[in-house]
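This is what each chain is made of:
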Amino acid sequence: MDKLSNFCSEIKASIGEAESLSVSEARKVVKSINDFLYTNYPGIGTTWELGEYREYFSDFHKFWEAHHKEILDCKIDDEKCEQVADALRAIYVKTDGDAFSELYDTCGLSNEDVCRIRFLTANQDFRGSLEFAKLAKIFKTDPSIFDEELIADDSAAFISKIGIADKSQNDKRNGYAETISKFLLDKECDPYGLIDKYDRDIFKLRQAIIACDGAGYGNKKTDMFLRDMVVLEVWKDVTGFDKIDVASDVNTIKVALRTGIIKTEIPLVSSFLDIFCHQYSYIETMNASAWRRVWEIWNEKYPAECIESPCLIDYFVYNVIGKQFCKEILYQFECETHAHTFMWHSGRNKTCQVCLKNGIKKVKAQPIARMMPCSNEEGYVAILETPYVLSLPNEQKISECPFKEICQENRYLQPPKSISILGQTGWSTAYARKNEGGGGLMA
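**What to know about the pattern of salt bridges**
Link 1 in the chain: Using the criterion set out here, one finds 21 salt bridges in the structure.
Link 2 in the chain: One salt bridge in this structure joins Glu-55 and Arg-433, with 3.3 Å as the shortest N-O distance. Remark: Arg-433 occurs in the segment after helix H18 (387–391) and Glu-55 occurs in strand S2 (residues 52–55); sequence separation between them is 378 residues.
Link 3 in the chain: Its relative accessible area of 29% is what places Arg-433 among the partly exposed residues.
Link 4 in the chain: Here Glu-300 and Arg-293 are joined by a salt bridge, their closest N and O atoms 4.0 Å apart.
Link 5 in the chain: Given a relative accessible area of 58%, Glu-300 falls into the exposed group.
Link 6 in the chain: A network of salt bridges, in which partner residues are shared, links Asp-78, Arg-293, Glu-296 and Glu-300.

The following block contains the structure:
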């Protein structure tokens, strides 16, 4: 804690005993903050990130790397985990388990081809840059595009041919493609045959893929790929599926924070302070562990009414709760003529629905507030219009978020954000030396 203590002492010395700051004192304070948070100097030291040693960004960066876990002190709450487990079990029973199995269209391709496309592109799929249907169309046009030998020889051509050369974080993509192709070449097998190389043990294969440094396969993307291969029955008769975790992302983390299955001593810090994503990685890990604990309790209490792996929670928590329910999709409107208010599911509405219901047409209304459905007793107005609920048969429809009561204390907590280490706006281009000025992120 020495670096932080020294910084606090410096600020205290600049402020003195005055109740308000003079301009000269304010200058010293601003300089001290900037120096501590966002500047470095020769000899500050290095940290290992993304396969190489990188200079510390600032003294705060060194402090945060060493102490972020004890500052945040993230813990898993067993009581909340049990409440969430009970709620998920109720959804499982109501939907006959369908809520936890989402099969996407494999476009008539063989298991071998589905596995090949997914394995060579799952590590490229960030910020929603890929859709399987589009990749399948490209594959059918020219399967050689997905040949690992050709990709290893010219990864840039592969990135271009699958249509993501103009997407975000391009600096990473070529390396990811080349590395994962060489992984296959080293194993002397195609993607479909990988599972046999690891005794048909999903967890063994998971560890090997994650250990392939520079391939872009972290925990999240690896778990999602392996989950899909089992759910789509591309790979059958495998072991270790129960060891695959929920894929940590902003949606599953958001729900974990709001339900309280993970709790931190302070609210999460801004990504501007989380240089090189130490907080993000820590919370990702704790999030996966918390959802695994939810699954363990669920499986212990209701073994006959439980999914076979924690990773299957992802389909419902990510796609339904995180992306549809746990958002500000409920709108309050005010009638321009009569001043009464009503709740509605779309901000694009222009008509007073109360007047219209009473036979009075062409009365306008304006939105005056936006909120999450769980924060209002009429939240069902929005929940019933979500894509998930609309797709359900009548006997399976739900009118409120199953976590509504669980989240009362924390429903506005926000998930962590990440600023890429690399990239045009990344930390690696934002360095500044002490007393030289400038530096920082660019839009």
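**Here's the deal with the pairing of strand S1 (residues 46–49)**
Link 1 in the chain: Covered by surrounding structure in S1 are Thr-47 and Glu-49 only, the residues Thr-46 and Trp-48 on the alternate face being uncovered.
Link 2 in the chain: Relative to S2, S1 is paired through four bridges, and the arrangement is antiparallel. Bridge assignment links Thr-46 to a residue of S2, and that residue is Glu-55.
Link 3 in the chain: From the end of S1 to the start of S2, which pair antiparallel, there are two residues, and Leu-50 there has a positive phi angle of about 50°.

**Some words on the layout of surface pockets**
Link 1 in the chain: Estimates place the volume of the second largest pocket at around 270 Å³.
Link 2 in the chain: Lining the second largest pocket are 16 residues; nearest its centre among them are Leu-257, Pro-267, Leu-268, Leu-413 and Gln-414.
Link 3 in the chain: Residues that form the lining of the second largest pocket fall into these classes: nine nonpolar, five polar and two charged.

**Thoughts on the sheet that holds strand S7 (residues 365–371)**
Link 1 in the chain: If you walk across this open sheet you meet the three strands as S6-S5-S7, and the pairing is antiparallel. In this open sheet, the two strands that pair with only one neighbour each are strand S6 (341–344) and S7. Across the sheet, the mean angle separating the axes of adjacent strands is 30° when strand polarity is ignored.
Link 2 in the chain: As judged from the six bridges shared by strand S5 (residues 330–335) and S7, these two strands associate in the antiparallel manner. Residue pairing in the sheet places Gln-332 in a bridge with Ala-369 of S7.

**Digging into the packing of aromatic side chains**
Link 1 in the chain: Counted under the stated rule, the structure contains 20 aromatic pairs.
Link 2 in the chain: Residues Trp-48 and Tyr-53 carry aromatic rings whose centres are separated by 4.8 Å and whose planes lie at 70° to one another, so their mutual orientation is edge-to-face.
Link 3 in the chain: For Trp-48, a relative accessible area of 49% puts it in the partly exposed group.
Link 4 in the chain: For Tyr-53, a relative accessible area of 58% corresponds to the exposed category.
Link 5 in the chain: Connected via pairs of aromatic rings, a cluster forms that spans Phe-7, Phe-36, Phe-60, Phe-63 and Trp-64.
Link 6 in the chain: Of note, Arg-89 hangs over the ring of Tyr-302, and the distance from its end group to the ring centre comes to 4.2 Å.
Link 7 in the chain: A cation over a ring is seen here: Arg-227 above Tyr-315, with NZ or CZ 4.4 Å from the ring centre.

What counts as what
Residues numbered from 1 in each chain as written. Predicted model: local features only at pLDDT ≥ 70, side-chain atom pairs only at ≥ 80, totals over all residues. Heavy atoms only, no water. Salt bridge = Lys/Arg side-chain N within 4 Å of Asp/Glu carboxyl O. Helix = DSSP H or I, 4+ residues; strand = E, 2+ residues; numbered from the N terminus. Buried < 20%, exposed > 50% of the residue type's maximum accessible area, 1.4 Å probe, protein only. Pairing = 2+ DSSP bridges. 1 Å grid on protein atoms, 1.4 Å probe; cavity = no way out; pocket = protein on both sides within 12 Å on 5 of 7 lines; lining within 4 Å. Points joined across faces, edges and corners; volume = space filled by probe spheres on them. Nonpolar A, V, L, I, M, F, W, Y, C, P; charged D, E, K, R; others polar. Axes fitted to C-alpha atoms, helices over the stretch in contact; angles between N-to-C directions. Phe/Tyr/Trp six-rings, centres within 6.5 Å; stacked < 30°, edge-to-face > 60°. Lys NZ or Arg CZ within 6 Å of the ring centre and 35° of its normal.

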